[in-house]
Amino acid sequence: SRDLQMILLPGASLLGLYPDIGCRPMDDMDILVKPSEYGPATAALRDVGMAPQPRYPEMFSNECLTIDLHTDLSNCSRIRSRQYAGGVDPAAAWNDAVEGQVEGIRVNRMCLEDETLFSAVHALRHGFSRCTWFVDLLQLLRCDLSWSRLEAKAIRYRLQRPLAYALAFLAQLGECHLPVAAASFLDRHRFRFLESRILRRAFAERGRRNWGDLLWSFNVSGRFRKCLFLGETFFPSPQVMLQVFPFLPR
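Residues numbered from 1 in each chain as written. Predicted model: local features only at pLDDT ≥ 70, side-chain atom pairs only at ≥ 80, totals over all residues. Heavy atoms only, no water.

### Details of the nonpolar core
Okay, step 1: Counting residues in each nonpolar core, the largest one holds 50 residues, and the members touching the most others are F128, W147, L167 and L215.
Okay, step 2: Taken together, the elements giving at least two residues each to this core come down to helix 2 (90-96), helix 3 (112-125), helix 4 (132-141), helix 5 (147-156), helix 6 (160-173), helix 7 (180-188), helix 8 (193-204) and helix 9 (212-216).
Okay, step 3: With eight residues, the top contributor of residues to this core is helix 6.
Okay, step 4: Once you skip the residues sitting within four places of it in the chain, L215 turns out to touch L124, F128, Y165, E195, I198, L199 and A202.
Okay, step 5: Membership of the second largest hydrophobic core comes to 13 residues, among which are L8, L15, M50 and I67. (Core = buried A, V, L, I, M, F, W, Y, C linked by side-chain atoms within 4.5 Å. Buried < 20%, exposed > 50% of the residue type's maximum accessible area, 1.4 Å probe, protein only. Helix = DSSP H or I, 4+ residues; strand = E, 2+ residues; numbered from the N terminus. Contact = heavy atoms within 4.5 Å.)

Take a look at the structure:
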């Protein structure tokens, strides 16, 4: 009713791809808003009884729902060096956004190609710890997306590696038959020796150890930027630590 622009991000935006919404569990709903509308969006959430979580002002919740507000797609506001690791361009995501429906509700969502790349990066950022994100990817790959457009966007956003990692995970499961174009892309992508070793460890130790950030560093060009990325990732600022672990002693 306030005419605020928003994009519903995966996974909530993907619920329509499942036979029943109960098949796709979620901890929260991620919503992208334009930086100029962040203030009005937070005011709207407060007015309907949602309150920001302590030490995490972008996350609003009530007794039955949690909404995570984003103004970018890589959480660069928390860890600035993630801007060097590639990612879906928010301006392009807004420009290419499409209208969709989730449970009869009209929403804006990213185009299928952007949702695919975003899901691949999301899985990598969380160390491939949940199969849910790969089910999302399979659902998206089975949609009527343009592979040539997807590959062009992956090059433009420097996300060929995260996409290849996600496809490699699906391929090694055996039961997941990749579309021909996806299998061809994976065959053409060559992993470095160390990268390949870490990728195997990441798959084998999924859920027990997080190798995602170390793998993600291969997507950062330049030694200085790579060091910044690793340093800020493994030695986060106190503010970020308290957001992730809010009950840590000072």
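### Here we look at the packing of aromatic side chains
Okay, step 1: Tallying each qualifying case throughout the model produces eight aromatic pairs.
Okay, step 2: Each ring, one from Y165 and one from F191, has its centre 5.8 Å from the other, and the planes form 25 degrees; the classification is stacked. A residue pair is termed long-range when its members are at least 10 positions apart, and Y165 in helix 6 and F191 in the loop between helix 7 and helix 8 qualify at 26 residues.
Okay, step 3: By relative accessible area, Y165 is classed as buried at 1%.
Okay, step 4: Here F191 falls in the partly exposed class, since its relative accessible area comes to 25%.
Okay, step 5: When the centroid spacing of 5.5 Å and the interplanar angle of 85 degrees are considered together, the rings of W216 and F229 count as edge-to-face. You can see W216 sitting in helix 9 and its partner F229 sitting in helix 10 (residues 223-234), a full 13 residues away along the chain. The pair W216 / F229 is uniform in exposure class, with both members buried.
Okay, step 6: Taken together, the ring pairs connect F128, F134, F169 and F203 into an aromatic cluster.
Okay, step 7: Over the ring of W94 we find K34; its NZ or CZ atom is 5.0 Å from the centre of that ring. (Phe/Tyr/Trp six-rings, centres within 6.5 Å; stacked < 30°, edge-to-face > 60°. Lys NZ or Arg CZ within 6 Å of the ring centre and 35° of its normal.)

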